[in-house]
Structures are given as structure tokens and as C-alpha cells.
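Each chain, written out:
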Amino acid sequence: MTADPRPARPVVLGQNQYGKAENRVVRITRDGATHHIKDLNVSVALSGDMDDVHYSGSNANVLPTDTTKNTVYAFAKEYGIESAEQFGIHLARHFVTSQAPIRTARIRIEEYGWERIATSDAGSRPAGADEGRHSFVRTGQETRLTQITYDGAAWEVVSGLKDLVVMNSTNSEFWGYVKDKYTTLQEAHDRILATQVAGRWRFNWSDDEQQMPPWEESYEQTRKHLLQAFAETYSLSLQQTLYQMGARIIDHRGEIDEVRFSLPNKHHFLVDLEPFGLKNDNEVYYAADRPYGLIEATVLREGCEARIPVDLTNL
């Protein structure tokens, strides 16, 4: 067999990272008989001088992923969890500054909300029972998110939420759209508008010299403005509603420069009740889970650059 005269094609290592994913940590802060809960799912990804471990298998520059897991739990004790963002910042700074081969740390955190369970009035509680200061119930389906990236010089913090289901039962229309021979959808001048919000927003805090945003207040207020814009927009399209949600956040939260939403249109179709001799006056709907329209867009502060990935599944 004749040898292939073509030179061997060189192979090089591209982008790489490693770490421990989905470390579930629950931190209880005891303020006397009153307890506070922070419930996080923390993923650590580290990158830097890692060529040797890929080429030769040398672990000389490798901090074990088990160590990153232990660090998450130790930091929950040492520093507490003031907010998901603050906790991620502590972790990212630690990994970059304590390990010379590590140049960039990316911390992704999901936070699960809890609220206190209201108890009966003191007079109706069983003897010996105390107030509900340590009993909680998980709130809704919404999950809070944050991603902190640090390279030793600059920070990038992108926070957000997913699985926030919202609905307007009126004040939504959809008409005047393009029609061709395949169009069967009827125009609607009074419809249900519902979606399951996935959103991310990027903070303009990037330097330790800057004042850090109030992370907890920022999340609560951003969520509030998002919901208010959804509720208060008379919608002629989901795109219009999306833009109003992003614009309301940018207008009211100076620490945020960019917002990206992915909004599946959770369609509700009127059921034809005429075969039963009944008139359906926008009262009975069929909720279709798929297929669904998917509306996505970024809203920016004027003069700012878009950095949030188009595909939110990669963030």
C-alpha cells in the first residue's frame, strides 16, 4: 500500500473548562427562633493553564472537582449566603486568586425560593406550639438564576429567572399579519396571552472599584417591573409585550444594561361548542402545550453592546 503523501494535519486543544456541577447547598441562618433559608444549586467551571492534563494526563495544575464542591459548602458556612450573586462572587474570586493555573472562574447558581407558612392565631394554636418562624413552603415554579464570571481583572454578572408563568386573560389581540395559502389562523381581537418567562439581565458592574449593586433588592425590583409591564401593556403582539418588559427594566434599574427574554407563547384556543348548541363567548379554551410560538429578543440601554448569548440554554 502506498503511503499517504499528505502531511499529518496538526491537532490542537481548543476551549476547555472543568469543575463540579450542581452542588446543592441549603444554608439555614438562625436568628433566635426565627430562621432564614437560602437554597442554591451551584455549578463551578474553571479554565486556564490546562493543556498538560489534556495532552499527557498530568494533573499538576488540576484542583480536584471534589475540592471545588467542598469549597462551596465551606464558603456557605464561612461567609453565609447574603445573595446568590454575592456568594458566586466570593467563590469566583477565591478560585482565580488562590490557584495560579486558574485564569477564569464561572459560577452558575439557581436559587429556589421559600416563604414562611402562616400559622393560626396564638389563641387557637395547640398548647406548646410556637409561631411559624421556621416552617416554609416552596414558592411557585419560578427559579432565580445568576452566572458570575471572573478573570482576575473584570467581572461579568448575568442574573435572571426561568419558569415564571404569567397570563393576561384579556387586553391582547393578534391581527393584521401576513397571510398566504397556508394560513388558517383566524384573527383575534380579544385573546388570552400567556407565556413562561425565561429572562436574563446583565449588570454594568464589572470592577471592584465600582459600588456593588444591591443584589437582593435588584432582583425583587427587576421581577416587579417585568411583571408590571406584562400586566399593564395592552398587547397587539407578544413581541410588543417583550419589548415593554425589557424597556421597563432598563428605565428603572440603572445597574442593568441588557435584558434578554425567551417567551414561548402558551396558546389558548377557543373551543367550538356549537355542536352542543352552546355559545362560547371567550369563556372556554383549550390550552395547547405544543407546538408553540417562541418569541426571543434582547433589549439594550442605548450605546451598550449585547453580550448575553442568543441561546439562553447555553447560559
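Residues numbered from 1 in each chain as written. Predicted model: local features only at pLDDT ≥ 70, side-chain atom pairs only at ≥ 80, totals over all residues. Heavy atoms only, no water.

Visitor: Which parts of the structure should I look at to understand a nonpolar patch on the surface?
Guide: Taken together, the side chains of W175, Y234 and L236 make up a nonpolar region of the molecular surface, amounting to roughly 320 Å² of accessible area. You can see L236 is positioned in the loop between helix 4 (215-232) and helix 5 (238-252). Judged by relative accessible area, which is 42%, L236 ranks as partly exposed. (Patch = residues over 30% accessible without salt bridge, like charges linked within 9 Å, V, L, I, M, F, W, Y side chains within 5 Å. Areas by Shrake-Rupley, 256 points an atom, 1.4 Å probe, with all protein chains shown as cover. Salt bridge = Lys/Arg side-chain N within 4 Å of Asp/Glu carboxyl O. Helix = DSSP H or I, 4+ residues; strand = E, 2+ residues; numbered from the N terminus. Buried < 20%, exposed > 50% of the residue type's maximum accessible area, 1.4 Å probe, protein only.)

Visitor: How should the pairing of strand 1 (residues 23-31) be read in this particular structure?
Guide: It is a general feature of regular strands that their side chains alternate between the two faces of the sheet. The sheet contact formed by strand 1 and strand 2 (residues 34-48) spans 9 bridges and is antiparallel. Looking at strand 2, one finds that R24 is bridged to N41. Taking the residues between adjacent antiparallel strands as the criterion, strand 1 and strand 2 are bridged by 2 residues, where G32 takes a positive phi near 65°. (Pairing = 2+ DSSP bridges.)

Visitor: What exactly am I supposed to notice about the side chain of S218 here?
Guide: Within the element layout of this structure, S218 appears in helix 4. In contact with S218, other than residues within four places in its own chain, are F203, R253, E255 and I256. (Contact = heavy atoms within 4.5 Å.)

Visitor: I'm lost on helix 2 (residues 65-78) in this one. Help?
Guide: Helix length check: helix 2 (14 residues) gives 20 Å between terminal C-alpha atoms against 20 Å at 1.5 Å per residue, within 8%. The set of residues buried in helix 2 consists of T68, T71, V72, F75 and A76. The arc that holds every buried residue of helix 2, seen down its axis, measures 130°, which confines them to one face. Relative to its buried face, helix 2 has exposed residues pointing more than 90 degrees away, namely K77 and E78. Buried positions along helix 2 lie against strand 1, strand 2 and helix 3 (84-98). Count one or two residues on from helix 2 and you reach G80, which has phi positive near 70°. (Expected span 1.5 Å × (residues − 1). Arc of directions from axis to C-beta.)

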